[in-house]
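# Architecture at a glance
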Amino acid sequence: MILLVEDDPSQLEPLRAALLKVGHTVDAIADGETAQWFAFRKDYDLLILDWMLPKVSGVELCQVYRRAGKLTPVLMLTAKDTVLDKVMGLDAGADDYLVKPVDVLELLARVRALGRRSPMWQGDILSLGDLQLHVSTLTLELGSLTTQLSSREFQLMEYLMRHPRQVLSHNQIEQALWSWGEEPESNAVTTLVRRLRQRLQTIGVKDWIETVHRMGYRINPPNL
């Protein structure tokens, strides 16, 4: 899940659309103060921060975030392109730096590179036991069998794989998979879980996703 913070709508929407297209869940925020509220209340995989933001700048937000001990990668976007500006951004705690105007393909490449810093990822593959989730193709693989996932199915599978054996409530799943401002239908999570179970069965993965009565769902990989 990505927190994208950019106060220019002409840049925010195309970047959000590009990230959504490749399977990411995105909270798109237009000011630093609101972004700071979200950053400390949700579990993000990446923060993409514009340098110049209303109320709280991207640099200030990054500094506060790091002082709180948060280790999530931060990608800084800015029109400032001098060496001193880059050093200032990196010293504030940013992991990478991209100068505007942003090329979408380069942004996606930087996002992939920062995402690989998670210990569960190896290249573009997230593994849980023998099960592999391929981010570049949105496919699940077990041995010689593969199944193609939709973008939302991929997001749910990634979220479950990142939290093995942990019970995840409907509300937690909705917050993780749907962007801020989106309103999923009341049965959206139930329907999505059912579809994902069907996908898993096509590659011989049965009964990994458990329904915990009145609590939610969890993934229980055998032999782990």
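Residues numbered from 1 in each chain as written. Predicted model: local features only at pLDDT ≥ 70, side-chain atom pairs only at ≥ 80, totals over all residues. Heavy atoms only, no water.

The name an unreviewed UniProt entry gives the protein is DNA-binding response regulator, OmpR family, containings REC and winged-helix, with Nostoc flagelliforme CCNUN1 as the organism.

## Some details on the pattern of salt bridges
Stated formally: Within this document, salt bridges are pairs made up of a side-chain nitrogen of Lys or Arg and a carboxyl oxygen of Asp or Glu, the two lying within 4 Å of each other. Helical segments are the DSSP runs of H or I of at least four residues, strand segments are the runs of E of at least two, and each set is numbered from the N terminus. Burial classification: accessible surface area is computed with a 1.4 Å probe over protein chains only, and a residue below 20% of its type maximum counts as buried, one above 50% as exposed, and the rest as partly exposed.
Evaluated as defined, the whole model comprises 11 salt bridges. With a shortest N-O distance of 2.9 Å, Lys 42 and Asp 27 are connected by a salt bridge. Taken as a pair, Lys 42 in the loop between α2 (32–39) and β3 (46–50) and Asp 27 in strand β2 (residues 26–29) lie far apart in primary sequence, 15 residues in all. Take Lys 42: its relative accessible area is 16%, and that puts it in the buried class. When its relative accessible area of 0% is taken as the criterion, Asp 27 is described as buried. Note that Arg 110 and Glu 106 form a salt bridge whose closest N and O atoms lie 2.7 Å from each other.

## Looking at helix α7 (residues 170–177)
Filter applied, for reference: Throughout, the arc means the angular range of directions from the helix axis out to the C-beta atoms. Contacts: residue pairs with any heavy atoms within 4.5 Å of one another.
By the burial criterion, the buried members of α7 are Ile 173, Ala 176 and Leu 177. Looking straight down α7, one finds that the buried residues subtend no more than 85° of arc, so they occupy a single side. Packed against the buried residues of α7 are α6 (151–162), α8 (188–202) and β12 (216–219).

## Quick word on the side chain of Thr 72
Which entries qualify depends on this criterion: Under the rule applied, a polar contact is a pair of N or O atoms within 3.5 Å (in protein, one hydrogen donor and one hydrogen acceptor; residues adjacent in sequence only if both atoms are side-chain atoms).
Relative to the helices and strands, Thr 72 resides in the loop between α3 (58–67) and β4 (74–78). A relative accessible area of 13% means that Thr 72 is categorised as buried. Of the polar contacts made by the side chain of Thr 72, one reaches the side chain of Tyr 65; its length is 3.3 Å. Look past the residues within four positions of Thr 72 in its chain and what remains in contact with it is Tyr 44, Asp 45, Leu 46, Leu 47, Tyr 65, Arg 66 and Asp 95.

## Quick notes on the pairing of β12
A regular strand places its side chains on the two faces of the sheet in alternate fashion. For clarity, the cut-off: Any two strands with at least two DSSP-identified bridges between them are counted as paired.
Note: strand β11 (residues 209–212) against β12, four bridges, orientation antiparallel. Paired with Ile 209 across the two strands is Ile 219, which belongs to β12. Hairpin connection, β11 to β12: the antiparallel pair is bridged by three residues, and Arg 214 has positive phi, about 60°.

## Re the domain arrangement of the protein
As a reminder, the rule being used: Where each domain starts and ends comes from a domain assignment, either automatic or drawn from a database. Buried area: the accessible area, evaluated with a 1.4 Å probe, that two parts lose upon being put together, summed over both parts. Throughout this entry, Asp, Glu, Lys and Arg are counted as charged residues, while Ala, Val, Leu, Ile, Met, Phe, Trp, Tyr, Cys and Pro are counted as nonpolar. The remaining residues, Gly among them, count as polar.
If you check the domain split of the protein, you get domain 1 (2–115) and domain 2 (121–219). Between the C-alpha centres of domain 1 and domain 2 the distance comes to 26 Å. The interface is formed by 16 residues belonging to domain 1 together with 15 residues belonging to domain 2. With both sides pooled, the region where domain 1 packs onto domain 2 buries about 1,100 Å², and carbon together with sulfur makes up 45% of that total. Across the domain 1-domain 2 interface, the total number found is zero salt bridges. Our count for the contact surface shared by domain 1 and domain 2 stands at zero residue pairs in polar contact (both at pLDDT 80 or more). At the level of secondary structure, the elements contributing two or more residues to the side of domain 1 that touches domain 2 comprise α1 (9–21), β2 and α5 (104–115). The element best represented in the side of domain 1 that touches domain 2 is β2, accounting for four residues. In the side of domain 1 that touches domain 2, the residues fall into six nonpolar, four polar and six charged.

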